Structure formats: structure tokens, C-alpha cells
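# Observations on the model geometry
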Amino acid sequence: MKTSLARLAVSLLLSLSPATALAVTQDYSVDPANRTDETPSQVEEIVVVARRAGLPIWTVRRGDEGVLILAGMIREVPDDFEWRPAALEDAVSRSTRVLFPQEGKASPADIFRIIWRSRTIAFLPNDTRAADYLSAEDMARLTTLMAGERSDNWQRTSFLMTAITLIKEQGGEKDSKSPRIERAVERAARRAGVKTHHIGVVRGNELVETLISAPPQTHIPCLDAAMSVAEYGPTAVADRAAAWSRLDVKGVLASPVDLAMDVCWPWGDPEVRPRARAEWVNAISTAIADEGVTLAIAPVRTLGEEGGVLDMLVAAGFEIDGPDWK
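This section reports on the structure supplied with the text. Computed from a prediction, not measured in an experiment: that's the story for all the values here.

### Things to note about the overall build of the protein
Check the secondary structure of the protein and you find 16 helices and ten strands. Within the protein, the fraction of its 326 residues that count as buried is 52%. Restricting to contacts in the protein with at least 6 residues of sequence separation, those with at least 24 account for 84%. Within the structure as shown, the protein displays about 14,700 Å² of accessible surface, and the carbon and sulfur contribution to it stands at 51%.

See the structure below:
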């Protein structure tokens, strides 16, 4: 494999740090002296503007409380993919506040710890091989997918690193980019003086510990998802992005790329994943109780998967309007 395995782990940890540099403890409520009551027509105007961006948009309401606009994002699209950030930026400028996903806090010490333990991260322990952990069926799948490798080093490589390589090399991710949705929203909020808030913190030291100490079996679901991406083929990332731009939420959720992004470290960490969903529901409940319009940016899967944020909001008595996620 041509890509440095340790470098891949470091780049993943660095990706936790979003473009925004806003404090997670920032108060996003509106000073009562500065509040303005949006009329229903003004609220709908913001929703219409947001939907022109060409990404899944939901409105969340409950009784006489405020309104929340949820924008479902993805983090990887093909290099030639285009969306309409100006429309989303316009909607942000008309909103009262903005919610961002969990904020990553990766320190230099976290990065150095990964580099120092790179062999632990990159290879299976104690000279074991993939066949020592995988079922005969999964081993056969992996052998077929790795048939083009010049050596059999992949049999000693950690499942997480093998999964990353499969997605990049065979699923089309190496020709992808970030749509920079969070960056566009943060820039618009800063220009318009709109208050912002990260709904939680993901600390790098916690994730580094799970990356270093987790047994190989922990990453088998990630490897299984990555093999599905590779078996789908090199258009996997592009097809997922196309479904997203068509507002086909069920299509995005059915994508093997979307599943892999959700079950693989770091976002698939068994402690981070459920905590993120609970933090979203809490943040939305708090924001919607305030006056005004809140705009929130969250991963589509976090919102739309079975038992995800949208399901949790419906169960809590909120009214949801937007693309079908069931």
C-alpha cells in the first residue's frame, strides 16, 4: 500500500478540528432586549432560501416554541462536485443562531502520541494475521479485494488502516474533497454577527486511547463496511453525493460509504456515536425553546438513521417537515 498508514491515522485525528474556532461554552441564546419576533412568512422565507442550497433541509417545530432548521451534511464529495453555498450562507445571515456538530479538540500531544504508537495502530498485534480474527467468508472477501497488492503485508495490517485504504483506493475517496459546509456556514455567521454554538466536544486524547488500546475485533465492523464500499466500486463516493444533492436521504443512508463513515473510527467510536445523538437532541430542545430561528448543521446519518435525531425528535413531540428519511 502506497499510503503511509500512520499518516492516515494522523490525518483522521486532525480532521476532528473543524474550520470554526468557536468556544463550545459560548452562549447562543439571544439577549431579550435584542430579540425580534419573526413572522411565519419570514420563517418560511428563511426555509425557502436554505433549501436552494441543494441539500436536505428539515424544519422542526413544537407548539408555540421557536423554529429550528436542520441541514443534513456529508463530509466527502467528488472533486468536481458543486453545491450552492451562497444560498445556505444567506439563510444563516437571516437566522438567530447556528448550531454546529461536536467540536474536535486534538492537541499536539495527541498527534505525537499517534506517531509514537504508529506501529500499534498500523499493524495487528503479536504477529497475528487477518485470518486469526476474520470469518472464512470475510477472509475470502478481503483476499479477493487485495489481490492487486504487490505483497501480502495487508494480512498483517490493522483492520482500520486496511479499511481506510479500501475506501480511498477502491471506493473513489482518493478523488474526493470536503464540501466545506461548516466553513461556509461559520463564515456567513461571523459576517452577519449571528451567534454560534458547538453542541459538544470530542477530545482527541479519548479517541487516541481507544485507537491504541482497542482490540482488533473492535474494527471488524469498519472493515466489513469498507469491503462493501470496495465491492460497490469506484463510483461509491460519487453516487452518495448525487443522492445527497437529489435530497434522497434514504439513498444516502443506504450508501456503503455513509455506513463506513459512521462505523469507522473516529466518528464510529462506541462512546462518541450515541453521545453525539443525545447531545443533538438536547441542543435542539434548548435552542427551539428560545425565540427566533435556529439553523443547525449535522451529518445526514446522525439525523436520519433509524433511532437517529429525527426519530428522537418525533418521539419527543416535535413536528418535522422535510425530505422523507424512512
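Anyway, onward from the coordinates.
### Description of the sheet that holds strand 10 (residues 319–321)
Across the sheet, which stays open at both edges, the six strands sit in the order 7-4-9-2-1-10 with mixed pairing between neighbours. Unpaired on one side and paired on the other, strand 7 (195–198) and strand 10 mark the two borders of the sheet. Pairs of neighbouring strands in the sheet enclose a mean axial angle of 20°, with direction left out of account. Taken strand by strand, helix 8 (residues 181–192) contacts strand 2 (67–73), strand 4 (97–100), strand 7 and strand 9 (293–299), and its axis lies near 155° from that of strand 4.

### A short note on the environment of D132
Inspection of the secondary structure puts D132 in the loop between helix 5 (118–122) and helix 6 (136–145). On the basis of relative accessible area, D132 is assigned to the exposed category, the value being 53%. In sequence terms D132 and Q155 are 23 residues apart; their C-alpha atoms lie 9.8 Å from each other. There is a polar contact of 2.8 Å between the side chain of D132 and the backbone nitrogen of R129.

### A word on the packing of aromatic side chains
The tally for this structure, following the rule as stated, stands at two aromatic pairs. Consider the rings of F81 and W244, whose centres lie 5.9 Å apart with planes at 35°: the pair is tilted. Here F81 is found in the loop between strand 3 (77–78) and helix 3 (85–94), whereas its partner W244 is found in helix 11 (residues 236–245), with 163 residues between them in sequence. Between Y133 and F159 the ring centres are 5.8 Å apart and the planes differ by 90°, which places this aromatic pair in the edge-to-face class. Remark: F159 occurs in helix 7 (residues 159–170) and Y133 occurs in the loop between helix 5 and helix 6; sequence separation between them is 26 residues. For F159, a relative accessible area of 2% corresponds to the buried category.

### A look at the side chain of R301
Note on placement: R301 falls in helix 15 (residues 300–304). Not counting residues within four places of it along the chain, the set of residues in contact with R301 comprises V252, L253, A254, S255, D258, L259, D262 and R277.

### Quick notes on unusual backbone geometry
Going from W265 to P266, the amide bond is cis rather than trans, its omega being 10°. With respect to the helices and strands, the residue P266 is situated in the loop between helix 13 (256–263) and helix 14 (272–289). Here the phi dihedral of D127 falls at roughly 60°; this positive angle occurs in a residue that is not glycine. Its place among the elements puts D127 in the loop between helix 5 and helix 6. Given the relative accessible area of 62%, D127 is considered exposed. In the Ramachandran plot, L247 falls in the positive-phi region, its phi being about 65° despite a non-glycine side chain.

### A look at the pairing of strand 2
For strand 2, a buried count of seven out of seven residues is recorded, marking the element as mostly surrounded by other parts of the structure. Across the two faces of strand 2 the burial is the same, with V67, I69, A71 and M73 and L68, L70 and G72 all buried. Sheet topology places strand 1 (residues 57–61) next to strand 2; four bridges connect them, and they run antiparallel. Among the inter-strand pairings, T59 is bridged to a residue of strand 2, identified as I69. With seven bridges connecting them, strand 2 and strand 9 associate as parallel partners. Bridged to M73 within strand 9 is P299.

Analysis parameters
- Residues numbered from 1 in each chain as written.
- Predicted model: local features only at pLDDT ≥ 70, side-chain atom pairs only at ≥ 80, totals over all residues.
- Heavy atoms only, no water.
- Helix = DSSP H or I, 4+ residues; strand = E, 2+ residues; numbered from the N terminus.
- Buried < 20%, exposed > 50% of the residue type's maximum accessible area, 1.4 Å probe, protein only.
- Contact = heavy atoms within 4.5 Å.
- Areas by Shrake-Rupley, 256 points an atom, 1.4 Å probe, with all protein chains shown as cover.
- Pairing = 2+ DSSP bridges.
- Axes fitted to C-alpha atoms, helices over the stretch in contact; angles between N-to-C directions.
- Polar contact = N/O pair within 3.5 Å; in protein donor to acceptor, adjacent residues only side chain to side chain.
- Phe/Tyr/Trp six-rings, centres within 6.5 Å; stacked < 30°, edge-to-face > 60°.

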